[in-house]
Amino acid sequence: MPQAVDISVKLGDLTLRNPFIVGSGPTVKTVDQIREAEDNGWAGVSIKLAIDPVPYITRPPRYRWLKKQKLHIFTAESRLTPDVSLKLIEEARRVTKDILIFPNITYDGKDREGWPLLAKRYEDAGA
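Residues numbered from 1 in each chain as written. Predicted model: local features only at pLDDT ≥ 70, side-chain atom pairs only at ≥ 80, totals over all residues. Heavy atoms only, no water.

**Q** Hey, could you run me through the overall build of the protein chain in this one?
**A** The secondary structure content of the protein chain amounts to three helices and nine strands. In the protein chain, the succession of helices and strands from N to C terminus is β-β-β-α-β-β-β-β-α-β-β-α. For the protein chain, buried positions account for 31% of its 127 residues. Restricting the contact set of the protein chain to residue pairs at least 6 apart, pairs at least 24 apart contribute 58%. (Helix = DSSP H or I, 4+ residues; strand = E, 2+ residues; numbered from the N terminus. Buried < 20%, exposed > 50% of the residue type's maximum accessible area, 1.4 Å probe, protein only. Contact = heavy atoms within 4.5 Å.)

This is the structure we're talking about:
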């Protein structure tokens, strides 16, 4: 019988069973997708981006010309709100065993204190 090869990776205090992480985006925005990633051997997922407070640009997918800013943008998808993102982590943590769940978050407030408070909410949710 072949012997298993250890391809675990250490990132700071975390140990991943392998070096494969699903990157943030539309493939990690539901509990089913996160469970599927774990079932297929991925070591971790970086969930879809959430911005707090809710971003100034979060539109349905489309090309758009922002006249005031003189910008042409393409939005592929809306961002997650922190509440939706936190719920996603909590639910995914309940139905998964070993996969690491990394939050992808941005704090866009005017104060610096929002960053550690936001990070703590995600840690408490199971990230």
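**Q** It is not clear to me how a nonpolar patch on the surface should be interpreted in this structure. Could you clarify?
**A** A contiguous nonpolar surface patch, about 400 Å² in accessible area, is contributed by Val5, Ile7, Phe20 and Trp42. The residue Phe20 is located in the loop between strand 2 (14–16) and strand 3 (21–22) in this model. What makes Phe20 partly exposed here is its relative accessible area of 45%. (Patch = residues over 30% accessible without salt bridge, like charges linked within 9 Å, V, L, I, M, F, W, Y side chains within 5 Å. Areas by Shrake-Rupley, 256 points an atom, 1.4 Å probe, with all protein chains shown as cover. Salt bridge = Lys/Arg side-chain N within 4 Å of Asp/Glu carboxyl O.)

**Q** Would you mind going over the packing of aromatic side chains with me for this structure?
**A** For any pair of aromatic rings, the description rests on two quantities: the centre-to-centre distance and the angle between the ring planes. Counted according to the given criterion, the structure contains two aromatic pairs. Summarising the aromatic geometry, the rings of Phe20 and Trp42 are spaced 6.4 Å apart at their centres and angled 85° between planes, so their arrangement reads as edge-to-face. Taken together, the residues span a long stretch of sequence, with Phe20 in the loop between strand 2 and strand 3 and Trp42 in the loop between helix 1 (31–39) and strand 4 (44–46) at a distance of 22 residues. Trp42 sits in the partly exposed class, given a relative accessible area of 33%. Ring geometry for Tyr107 against Trp115: centres 6.4 Å apart, planes inclined by 70°, an arrangement best described as edge-to-face. Here Tyr107 falls in the buried class, since its relative accessible area comes to 15%. For Trp115, a relative accessible area of 41% corresponds to the partly exposed category. (Phe/Tyr/Trp six-rings, centres within 6.5 Å; stacked < 30°, edge-to-face > 60°.)

**Q** It is not clear to me how the nonpolar core should be interpreted in this structure. Could you clarify?
**A** A general trend in soluble globular proteins is that nonpolar side chains are found buried together. Of all hydrophobic cores here, the largest spans 20 residues; its most connected members are Ile34, Val45, Ile47, Ile101 and Tyr122. Breaking this core down by element, the ones donating at least two residues are helix 1, helix 2 (82–95), strand 9 (105–107) and helix 3 (114–125). If one sorts the elements of this core by residue count, helix 2 sits on top with four residues. Contacts of Ile47, omitting those with residues within four sequence positions, involve Ser24, Val28, Ile34, Ser85, Leu88, Ile89, Ile101, Phe102, Pro103, Asn104 and Tyr122. (Core = buried A, V, L, I, M, F, W, Y, C linked by side-chain atoms within 4.5 Å.)

**Q** When you look at helix 2 in this model, what are you seeing that I'm missing?
**A** Residues lying three or four places apart along an α-helix face the same way, a consequence of the helix completing one turn every 3.6 residues. The terminal C-alpha atoms of helix 2 lie 20 Å apart, and with 14 residues this matches the ideal 20 Å at 1.5 Å per residue to within 8%. Restricting attention to buried positions, one finds in helix 2 the residues Pro82, Ser85, Leu86, Leu88, Ile89 and Ala92. Buried residues in helix 2, looked at end-on, bunch into an arc of 155°, giving them a common side. What points out from helix 2, more than 90 degrees from its buried face, is the exposed set Asp83, Lys87 and Arg94. Buried residues belonging to helix 2 abut helix 1, strand 5 (50–52), strand 8 (100–102) and helix 3. (Expected span 1.5 Å × (residues − 1). Arc of directions from axis to C-beta.)

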